[in-house]
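Examining the three-dimensional arrangement
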Amino acid sequence: MARFQAGEPNGVAVQELEGLLRAAVFKSANQVVGYLLQRAADRIDAAYQPKAGYQRKGRAVVTVDCIFGAFKLERDYYYHGGKKQGHYPADAALGLEGGVTPALARLVCFEGADAASYQKAEEHLRDTGGIHISARQVQRLVQSVGPAAQHWQEREALAPLPGTKAAPIMYVSGDASGVPMRKEELEGRAGKQPDGSAKTRMANLGCVFTQHQVDEKGHPVRDHDSTTYVSTFGPMEAFGPLLRQEAIRRGLALAATVVLLIDGAEGLGHMGRLCFPKAIQIVDFYHALEHAGKVLVALLGSKEHPDYKPRLARWARRLLKDQLEKLIAQTRKECAGKSQAPVVEKELGYFVNNLVRMQYGTFRRRGLFIGSGVIEAGCKTVIGSRCKQSGMFWGEPGAENVLALRCIQASRRLDDFWKERLNTHAQRNDCLALAE
């Protein structure tokens, strides 16, 4: 204070003042946290009743990092000779994550999953919070907590979450996005490279959202903050049940109408029939239009043909009027007996197989979404913006852990996840009650 008052008052001095005050406040706060946690550890150790086979081996000291700094914590250590396992009851009760307090662990995991890289997370923690933790430490903590986040996504759902209200329309959607992987993760995997190899592994992303109304023009309006996400690198056989569990949590049984929005891939369609048999399946309109372009290229020979754009616009208008069957018939008639007929028929197969799921005029009159923009955006924001930065190459566990945390964050469920994780730690101590 004296230094600031004695100097020239300017922005540089104010910036320095605030930094110094934060350091001073943090130092005192760190001492308070250390003092309180040491007393709590002493109470926990005094009340702890070891499980059969565990013997107290004495006290051990650990350096604990918190939001305000670091302090020493002394607590009892128990060891099971037969299992060759050690245990610190106070660590479990206090929710320490490898010598990190719960509040700092949550913040570091949030930054590690949210920032574009672990290095960016380190810089953001330092610059905005005055927290000095290396990118490597951020990565280790994310990879330590991440498996629990993935397991939490996969937990069984038997009923809607408490407080869930019935929605007139529930949408379920899924898509996949390639994540660049290290070479050892790709050995023996087929891909789209010229030599047939793969550069990526597909991460499946699913979302659930609801709709209560349409706007003045009759267009559907997605309920604010209603979208939740789940992710997995597992196969479609695992992804479908995972997505269904999320829909159950969101009130699948309560929804008057359930809509499955997909891109027309047969794997997703089959998943929908198995996991959401009563849902209305809708193929994304923009994927349909993209395939219409392929039909016209096969028919006309090139996108540069003068009729390509006018005819593509005509396809769009007629698709929105439930005239797909007529489009298929007219296209077949136009190319009958011509050399391009087999190629055109192949491209038409997409529409023939998805005819029922492309009645866009009917769907729009019912006030339903016909575009899968929500999941498309999710693939870009949840997966792409974190896992597909320039120069990134992942191991599958590392990417899966980050994506699990990002899905929980994007679904606004961090409080629920961390409460369960802390309770899981506490369950190792029989004498401790769980938080409510």
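Residues numbered from 1 in each chain as written. Predicted model: local features only at pLDDT ≥ 70, side-chain atom pairs only at ≥ 80, totals over all residues. Heavy atoms only, no water.

1. Focus: the overall build of the protein
Looking only at helices and strands, the protein features 16 helices and nine strands. The burial tally for the protein puts 47% of its 436 residues in the buried class. Long-range contacts, defined as pairs at least 24 residues apart, comprise 69% of the intrachain contacts of the protein with a sequence gap of at least 6. As displayed, the protein has an accessible area near 23000 Å², and 54% of this comes from carbon and sulfur atoms. (Helix = DSSP H or I, 4+ residues; strand = E, 2+ residues; numbered from the N terminus. Buried < 20%, exposed > 50% of the residue type's maximum accessible area, 1.4 Å probe, protein only. Contact = heavy atoms within 4.5 Å. Areas by Shrake-Rupley, 256 points an atom, 1.4 Å probe, with all protein chains shown as cover.)

2. Digging into a nonpolar patch on the surface
Residues Val32, Tyr35 and Leu36 make up a contiguous nonpolar surface patch of roughly 310 Å² in combined accessible area. On the secondary structure map, leucine 36 appears in helix 2 (residues 11-47). (Patch = residues over 30% accessible without salt bridge, like charges linked within 9 Å, V, L, I, M, F, W, Y side chains within 5 Å. Salt bridge = Lys/Arg side-chain N within 4 Å of Asp/Glu carboxyl O.)

3. Here we look at helix 4 (residues 102-114)
For helix 4, with 13 residues, the first-to-last C-alpha span of 18 Å sits near the 18 Å given by 1.5 Å per residue. Restricting attention to buried positions, one finds in helix 4 the residues Leu104, Ala105, Val108, Cys109, Glu111, Gly112 and Ala113. (Expected span 1.5 Å × (residues − 1).)

4. Some words on the pairing of strand 8 (residues 257-262)
Residues in a regular strand point their side chains to alternate faces of the sheet. When you tally the buried positions in strand 8, you get six out of six residues, the bulk of the element. Of the two faces of strand 8, the one lined by Thr257, Val259 and Leu261 and the one lined by Val258, Leu260 and Ile262 are each fully buried. In this sheet, strand 9 (residues 280-283) lies alongside strand 8 in parallel orientation, the contact comprising four bridges. Bridge pairing links leucine 260 to glutamine 281 in strand 9. The β-α-β motif built from strand 8, the intervening helix 8 (residues 266-275) and the parallel element strand 9 has right-handed crossover chirality. (Pairing = 2+ DSSP bridges. Right-handed = clockwise from strand over helix to strand, strands pointing away.)

5. Things to note about the pattern of salt bridges
Scanning the entire structure with this criterion turns up 19 salt bridges. Between arginine 201 and glutamate 396 there is a salt bridge whose closest N-O contact spans 2.5 Å. A residue pair is termed long-range when its members are at least 10 positions apart, and arginine 201 in strand 5 (residues 200-214) and glutamate 396 in helix 15 (residues 396-410) qualify at 195 residues. No difference in accessibility class separates arginine 201 from glutamate 396, as the two residues are buried.

6. Looking at the pairing of strand 1 (residues 54-66)
Relative to strand 2 (residues 69-80), strand 1 runs antiparallel, the two sharing twelve bridges. Paired with aspartate 65 across the strands is alanine 70, a residue of strand 2. The turn joining strand 1 and strand 2, which pair antiparallel and follow one another in sequence, is formed by two residues.

7. So, the environment of alanine 70
Considering the arrangement of structural elements, one finds alanine 70 in strand 2. Overall, alanine 70 belongs to the partly exposed group, its relative accessible area being 40%. For the pair formed by alanine 70 and asparagine 30, sequence separation is 40 residues and the distance between their alpha carbons is 6.8 Å. Each residue touching alanine 70, except ones within four places of it in the same chain, is listed here: Asn30, Thr63, Val64 and Asp65.

8. Observations regarding the nonpolar core
Of all hydrophobic cores here, the largest spans 81 residues; its most connected members are Val179, Trp315, Phe351, Tyr360 and Trp394. Per element, the largest residue contribution to this core is eight residues, and it comes from helix 9 (residues 285-300). With near-sequence residues (within four places) excluded, tryptophan 394 lies in contact with Tyr118, Val179, Pro180, Met181, Arg182, Glu185, Arg386, Cys387, Ala399 and Val402. Ranked by size, the runner-up nonpolar core spans 20 residues in total, among them Met170, Phe239, Leu268 and Phe276. (Core = buried A, V, L, I, M, F, W, Y, C linked by side-chain atoms within 4.5 Å.)

9. A look at helix 11 (residues 324-335)
Its twelve residues place the ends of helix 11 17 Å apart at the C-alpha level, agreeing with the 16 Å of an ideal helix rising 1.5 Å per residue. Of the residues making up helix 11, those classed as buried are Leu324, Leu327, Ile328, Thr331 and Cys335. Within helix 11, the buried residues cover an arc of 100 degrees as seen down the axis, which keeps them to one side. Among the exposed residues of helix 11, those oriented more than 90 degrees off its buried face are Glu325, Lys326 and Lys333. For helix 11, the secondary structure elements touched by its buried residues are helix 9, helix 10 (308-319) and helix 12 (341-353). Trailing helix 11 by a residue or two, glycine 337 shows a phi angle of about 80 degrees, which is positive. (Arc of directions from axis to C-beta.)

10. Re the packing of helix 10 against helix 11
Close contact between helix 10 and helix 11 brings their axes to 9 Å; oriented N to C, the two are set at 145 degrees. Of the residues in helix 11, those in contact with Arg311, Trp315, Arg318 and Leu319 of helix 10 are Leu324, Lys326, Leu327, Gln330, Thr331 and Glu334. Partitioned by chemical class, the residues of the contact of helix 10 with helix 11 number four nonpolar, two polar and four charged. (Axes fitted to C-alpha atoms, helices over the stretch in contact; angles between N-to-C directions. Nonpolar A, V, L, I, M, F, W, Y, C, P; charged D, E, K, R; others polar.)

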